[in-house]
Amino acid sequence: MRTQVGIIGAGPAGLLLSHLLHLNGIESVILEARSRAYVEGRIRAGVLEHPVEQLLTETGVGMRMRAEGLPHEGVILRTEGRDHRIDFKALTGKHVMVYPQHKIVQDLIAARIAAGGQILFEAEGVSIHDVRTDAPYISYEMDGRATRLDCAIVAGCDGFHGISREAIPASARQSFEREYPFGWLGILADAAPSSEELVYASHDRGFALLSMRSPTVSRLYLQCAPDEDISQWSDDRIWAELSTRFTRDGFSLREGPITQKGVTPMRSFVVEPMQYGRLFLLGDAAHIVPPTGAKGLNLAAADVSVLTRALTAWFRSGATAGLDSYSETCLRRVWKAQRFSWWMTSLLHRFSSHTPFERRVQQAELDAVFGSVAASTVLAENYVGLPLIL
Ligand code: RFL
Ligand code: PHB
């Protein structure tokens, strides 16, 4: 089989890339290790930056998002029982869109299939070859049969645990990494959200986040140990701990049946460069952020915008400038999002290593954000999203 762009991974990065390339007249084939039902049901991100919401709308895949998504004009930061609202609308004129990642994945798969796009699910043993030549190919097995996909470009969109990043020789890449000494215990509950806007709570017992998936489904997180044993957390214990961390006069947490529980470790990671010959890395394959800034999915969309522009120019006229600067262009935005995600994480979590002095400085930093329009504006600008191409 032959195509112009061979894409590995049908997450948001791979699907959006295939969709945007199609709109620009470029063919692609997606190879995905998992089943369609699995990728369509995977619960992950929930917050779309303003430029990403616009991109989905402008490219014709925003219908359900506009009908079912919840535009949010601010978030609440809660500490010591006090709320401080970051008013996105007033500070930036923009909002974010709360719309679940698995629905974006469903919407993109439907759009690709309707347009005759090829997504090969349950592809096994995917492996990348000859990316330093002008005839790269991807080998894989489908229904027990060895097959190859010849292409001009390979797009590695296979997430943090994929194989694409490793296809760059160790001597040609450098990794930057930070692991945090905590994780998030996340739940999905059939309960109406207890607040109209997201609440980021900094508490002596640890961070907690109140988010949502719809007017009847809440998504909540608790800071926990990175290797927390989920079996030690009964539903009652989770609700009691959430209730303590969200304490504020007049606030009560709405409870309901917990339908999903899981622990996510927290990590910052970047690989440089994001390109090797004809192989381009996008999204989580190239970078991971801790979820505190809600940036992961949005960064994937930004990489896709940069590569689409570069590939469109290259396939149309042979211009290589966009491809040559792909990594540098993406990394400029990636590092800004890394800084913001690291800062939000450092600001709001409880670090057991903190000395009493460091704890006081952390509390003062939060107070400094509350007390300054300038500082609140910096937070708001980063949260609603920088332009996709910087
Ligand atoms: P994905 O979504 O991991 O998709 C990669 C795809 O590649 C497939 N794959 C392979 N296919 C073929 N062969 C192989 N060898 C393969 N190896 C893997 C996988 O099956 C999968 O389908 O990466 P992508 O597309 O780069 O998208 C990135 C986002 O999924 C991720 O950044 C976000 O979910 C991060 N994230 C959040 N981002 C936000 O922007 N806002 C948020 O509010 C937000 N909250 C979150 C999050 C991530 C979380 N977790 C679970 C990590 C909250 C959480 C708890
Ligand atoms: C979510 O709804 O899953 C979510 C929202 C905001 C974050 C992280 C996760 O910062």
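The shown structure was predicted, so the numbers you read here are calculated from the model rather than taken from an experiment. (Residues numbered from 1 in each chain as written. Chains lettered and ligands numbered in written order. Predicted model: local features only at pLDDT ≥ 70, side-chain atom pairs only at ≥ 80, totals over all residues. Heavy atoms only, no water.)

Draft legend 1. Fine view of the overall build of the protein chain. Regarding its fold elements, the protein chain presents 12 helices and 20 strands. Taken along the three principal axes of its C-alpha coordinates, the protein chain extends 65 × 40 × 40 Å. Classification of the 390 residues of the protein chain by burial places 55% in the buried group. In the protein chain, 72% of the contacts between residues at least 6 apart in sequence involve partners at least 24 apart. When the accessible surface of the protein chain is split by element, carbon and sulfur atoms take 50% of a total near 16,500 Å². Mean positive and mean negative side-chain charge positions of the protein chain (40 and 44 charges, respectively) differ by 2 Å. (Helix = DSSP H or I, 4+ residues; strand = E, 2+ residues; numbered from the N terminus. Buried < 20%, exposed > 50% of the residue type's maximum accessible area, 1.4 Å probe, protein only. Contact = heavy atoms within 4.5 Å. Areas by Shrake-Rupley, 256 points an atom, 1.4 Å probe, with all protein chains shown as cover. Lys, Arg positive; Asp, Glu negative; His and termini not counted. Charge placed at Lys NZ, Arg CZ, Asp CG, Glu CD.)

Draft legend 2. Region of interest: the site of ligand 1. Near ligand 1, the surroundings consist of 32 residues, among which Glu32, Arg42, Gln101, Asp284 and Leu297 are the closest. In this structure, alanine 33 approaches ligand 1 through a main-chain N or O atom, which is 3.1 Å from a nitrogen atom. Between an oxygen atom of ligand 1 and a main-chain N or O atom of leucine 297, the distance comes to 2.8 Å. Protein chains bury 87% of the 1,000 Å² of accessible surface belonging to ligand 1 in isolation. Counting only elements with at least two residues in the shell around ligand 1, the list comes to α1 (12–23) and α8 (296–317). The greatest single-element share of the shell around ligand 1, amounting to three residues, is contributed by α8. Its residues placed into classes, the shell around ligand 1 shows 15 nonpolar, 10 polar and seven charged. (Near = heavy atom within 4 Å. Polar contact = N/O pair within 3.5 Å; in protein donor to acceptor, adjacent residues only side chain to side chain. Nonpolar A, V, L, I, M, F, W, Y, C, P; charged D, E, K, R; others polar.)

Draft legend 3. Expanded view of the side chain of serine 327. Relative to the elements of secondary structure, serine 327 occurs in helix α10 (residues 326–348). Classification of serine 327 as buried rests on a relative accessible area of 7%. The residues touching serine 327, leaving out its near neighbours within four places in the chain, are Pro273, Met274 and Gln275.

Draft legend 4. Layout of the site of ligand 2. In the vicinity of ligand 2 lie 14 residues, with Tyr200, Ser211, Arg213, Tyr221 and Pro291 positioned nearest. Residue proline 291 places a main-chain N or O atom 2.8 Å away from an oxygen atom belonging to ligand 2. Contact between ligand 2 and threonine 292: an oxygen atom at 3.3 Å from a main-chain N or O atom of the residue. Those elements that provide at least two residues to the shell around ligand 2 are β15 (208–214) and β16 (217–224). Counting residues per element, the shell around ligand 2 draws most heavily on β15, at three residues.

Draft legend 5. Geometry of unusual backbone geometry. Here glutamate 272 and proline 273 are connected by a cis peptide whose omega angle stands at -10°. Within the secondary structure layout, proline 273 lies in the loop between β17 (258–272) and β18 (275–276). Positioned with a positive phi, aspartate 130 is a non-glycine residue whose angle comes to about 60°. Relative to the assigned elements, aspartate 130 resides in the loop between β9 (124–129) and β10 (137–142).

Draft legend 6. Representation of the sheet that holds strand β3 (residues 47–48) in the model. Strand order in the open sheet formed by three strands is β3-β7-β4, with antiparallel pairing between adjacent strands. Looking at strand neighbours, the two that pair on one side only are β3 and β4 (70–72), the edges of this open sheet. Sheet topology places β4 next to strand β7 (residues 96–98); three bridges connect them, and they run antiparallel. Across the sheet, residue histidine 72 finds its bridge partner in β7, namely valine 96. (Pairing = 2+ DSSP bridges.)

Draft legend 7. Main features of empty space enclosed by the protein. According to the stated counting rule, one finds four cavities of 30 Å³ or more in the structure shown. Around the largest cavity, the lining residues are Pro12, Ala13, Leu16, Leu48, Val52, Leu56, Ile104, Leu108, Leu297, Ala300, Ala301 and Val304. Elements represented by at least two residues in the lining of the largest cavity include exactly α1, α3 (50–58), α6 (101–114) and α8. If you tally residues by element for the lining of the largest cavity, the top one is α8, at four residues. Residues of the lining of the largest cavity, tallied by class, amount to 12 nonpolar, no polar and no charged. Glu49, Lys295, Arg333, Lys336, Ala337, Phe340, Asn382, Gly385 and Leu386 are the residues that line the second largest cavity. (1 Å grid on protein atoms, 1.4 Å probe; cavity = no way out; pocket = protein on both sides within 12 Å on 5 of 7 lines; lining within 4 Å. Points joined across faces, edges and corners; volume = space filled by probe spheres on them.)

Draft legend 8. Looking closely at the pairing of strand β2 (residues 28–31). The alternating pattern of β2 places Ser28 and Ile30 and Val29 and Leu31 on opposite faces, both of which are buried. Sheet topology note: the strand β1 (residues 5–8)/β2 ladder contains four bridges and is parallel. The partner of isoleucine 8 across the bridge, within β2, is leucine 31. As paired elements, β2 and strand β8 (residues 118–120) share three bridges and run parallel to each other. What sits directly across from valine 29, in β8, is glutamine 118.

Draft legend 9. View of the layout of surface pockets. Considered as a void within the structure, the second largest pocket measures approximately 230 Å³ in volume. If you trace the second largest pocket, you find 13 residues lining it, with Ser346, Leu347, Phe351, His354 and Gln362 closest to the centre. Breaking the lining of the second largest pocket down by element, the ones donating at least two residues are β13 (174–189), α10 and α11 (356–370). For the lining of the second largest pocket, the residue count by class is seven nonpolar, three polar and three charged. Split by domain, the residues of the lining of the second largest pocket number at least three in each of domain 1 (5–46 + 100–173 + 273–350) and domain 2 (178–266). (Domains from an automatic or database assignment.)

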